[in-house]
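Examining the three-dimensional arrangement
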Amino acid sequence: PRYAAFVLALGCAMAWLPHAVGDDAPKPFEPRTSDQIWLVNTRGNCDVSSGSGWSTSRYDAGYWKGADDAAFLASDDQETATVIYVHGNRMDSAGAEARGLAIYRELFSSHEGGKVRFVIWSWPSTQIHGLLKDVRAKAARSDDEAYLLARFLAPPLTTVRASALEASMAMT
């Protein structure tokens, strides 16, 4: 009897499967064709003095695809405004990515202006249990993050228009 129920459930699932992956399946979010969305992730990089101190990915067809700093710098031009979003405290990696994409959609999905290169800066801000531990850990990391962000911005960008968005701890 248990096997019969399993076989029946499996048969129903297989019959429903074509509908689940058909044309009705939701398509991944795509930015405007003129725009780029980048993720710069400093999570897991404890030593800011070696290497770049971050990993870089580009959002393409609904997925983050690894890239290097040279690809990011090569994507810069005079016509593109670079906007950097730095999320607030107590945000895990997935939350930072989702919030960054939501902010991009809110700001630029119906924007008729020029090209935008939107950068999500993801730093290690996942909540640490114990309020005092959390505050001390983030305070200790803040100087490193400031250094990394300054180093990231240090290469000469040709973009004339650049801005940064930051979510304060009070907003999160």
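Residues numbered from 1 in each chain as written. Predicted model: local features only at pLDDT ≥ 70, side-chain atom pairs only at ≥ 80, totals over all residues. Heavy atoms only, no water.

Attention now goes to the overall build of the protein. Looking only at helices and strands, the protein has four helices and six strands in total. Counting every position in the protein, which comprises 172 residues, the buried fraction comes to 32%. Excluding contacts between residues fewer than 6 apart, the proportion of contacts in the protein whose partners are at least 24 apart in sequence is 75%. (Helix = DSSP H or I, 4+ residues; strand = E, 2+ residues; numbered from the N terminus. Buried < 20%, exposed > 50% of the residue type's maximum accessible area, 1.4 Å probe, protein only. Contact = heavy atoms within 4.5 Å.)

Turning our eyes to something else, we now look at the packing of aromatic side chains. In this structure the tally under the stated criterion is nine aromatic pairs. Through a chain of ring-to-ring contacts, three or more aromatic side chains come together here, namely W38, W54, F72, W121 and F152. (Phe/Tyr/Trp six-rings, centres within 6.5 Å; stacked < 30°, edge-to-face > 60°.)

Along its 23 residues, helix α4 (residues 131–153) runs 32 Å from first to last C-alpha, staying within 8% of the 33 Å computed at 1.5 Å per residue. S142 marks the point of greatest bend in α4, at about 30°. Taken as a whole, α4 has its buried residues at D134, K138, R141, E145, L148 and F152. Structurally, α4 contributes buried residues whose contacts are with β1 (36–41), α2 (69–74), β4 (80–86) and β5 (115–122). (Expected span 1.5 Å × (residues − 1). Bend = angle between axes of the 7 residues up to and from the residue.)

This part is about the side chain of E145. Relative to the helices and strands, E145 resides in helix α4. Taking relative accessible area as the criterion, E145 reaches 8% and is therefore assigned buried. At a separation of 2.8 Å, a polar atom in the side chain of E145 contacts the side chain of T42. (Polar contact = N/O pair within 3.5 Å; in protein donor to acceptor, adjacent residues only side chain to side chain.)

Taken by themselves, the reported measurements are silent on function.
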